[in-house]
Amino acid sequence: MAYTVIIPAAGQGKRMGAGKNKLLLALREIPVLIHTLRVFEEDEDCSGIVLAVHPDDVLAFKELLAEYAISKIQALVPGGKERQDSVRNGLKAVEGEEIVLVHDAARPFIRIETISLLTAAAKREGAAIVAVPVKDTIKKAENLQVTETVERSSLWAVQTPQAFRVSILREAHERAEAESFIGTDESSLAERIGVKVAIIEGDYDNIKLTTPEDLFFAEAILNKREIEQ
């Protein structure tokens, strides 16, 4: 199922504490951004990649794209104040596709097989997300006092990509912008306009690199995948 993917990559990654965009940090001597882009570069169903980029990173990103021969870049668009703004800017560059994905640039371990299931579900249902069952016990609390233990059997930890028919995601963003609503992800925008969102179960390797500790987990995932091959 052909698709275009929007990758917001304009965040500053302050929690990583790297002093630069965390996407430029290296895993096995290759920048995180390139690890992520290579998944979509290698997926035959991906017809184009739209990157939302901070103005300060445009030159560095262009150099990386050339160095690593990333050929599917359809457009570099300006990143916005919020991630949602970056995705909306990316949507303006999407043309001629029925399905659009949104994926975190700092999730380099998504599998092509999962993407295929996701895009098929989005074509069938209109919207679909990748998620994994919550493993930990979840508590609600106020002032560091537990107020409730949440039944976890119905809880899912949401990841990306998230996939939509283009028309649905455009409508969801237009409504959110008109009503000054900021959602936590694209799915939340679709949900608030009445769209039912399907879940595709992913895997726990598909982590988002957010803090320095995550780089150690990333190295472990790379080691595990080498053994699996």
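In this report, we go over the structure that sits alongside the text. (Residues numbered from 1 in each chain as written. Predicted model: local features only at pLDDT ≥ 70, side-chain atom pairs only at ≥ 80, totals over all residues. Heavy atoms only, no water.)

To continue, consider the pairing of strand E1 (residues 3-9). Buried residues dominate E1, accounting for 7 of its 7 residues. Here E1 shows a buried face lined by Tyr3, Val5, Ile7 and Ala9 and a second buried face lined by Thr4, Ile6 and Pro8. Where E1 and strand E4 (residues 46-53) come together, 7 bridges link them in parallel fashion. Considered in E4, the bridge of Ala9 is made with Val53. (Buried < 20%, exposed > 50% of the residue type's maximum accessible area, 1.4 Å probe, protein only. Helix = DSSP H or I, 4+ residues; strand = E, 2+ residues; numbered from the N terminus. Pairing = 2+ DSSP bridges.)

In total, this model carries 18 salt bridges according to the counting rule given. A salt bridge links Arg192 to Glu179, with the nearest nitrogen and oxygen atoms 2.8 Å apart. With Arg192 in the loop between helix H6 (186-191) and strand E11 (198-201) and Glu179 in the loop between helix H5 (166-178) and H6, the pair connects residues that are 13 residues apart, well separated along the chain. Under the relative-accessibility criterion, Glu179 is labelled partly exposed at 41%. Residue Lys224 is joined to Glu228 by a salt bridge in which the shortest nitrogen-to-oxygen separation is 4.0 Å. (Salt bridge = Lys/Arg side-chain N within 4 Å of Asp/Glu carboxyl O.)

To continue, consider the pairing of strand E5 (residues 73-78). Of the pairings in the sheet, the one linking E4 to E5 comprises 5 bridges and is parallel in character. Bridge assignment links Val53 to a residue of E5, and that residue is Pro78. Taken together, E4, helix H2 (residues 58-67) and E5 constitute a β-α-β crossover, and its handedness is right-handed. (Right-handed = clockwise from strand over helix to strand, strands pointing away.)

With that settled, consider the nonpolar core. Formed by 44 residues in total, the largest nonpolar core has its most connected members in Leu37, Phe40 and Leu101. Elements with a contribution of two residues or more to this core: E1, helix H1 (32-42), E4, H2, strand E6 (99-102), helix H4 (112-125), strand E7 (127-133) and helix H7 (212-228). By residue number, the principal contributor to this core is H1, which donates 6 residues. Every residue in contact with Leu101, bar those within four places of it in the chain, is listed here: Tyr3, Thr4, Val5, Ile6, Phe40, Ile115, Leu118, Thr119, Pro161, Gln162 and Ala163. (Core = buried A, V, L, I, M, F, W, Y, C linked by side-chain atoms within 4.5 Å. Contact = heavy atoms within 4.5 Å.)

Everything listed is a geometric property; what it means functionally is a separate question.
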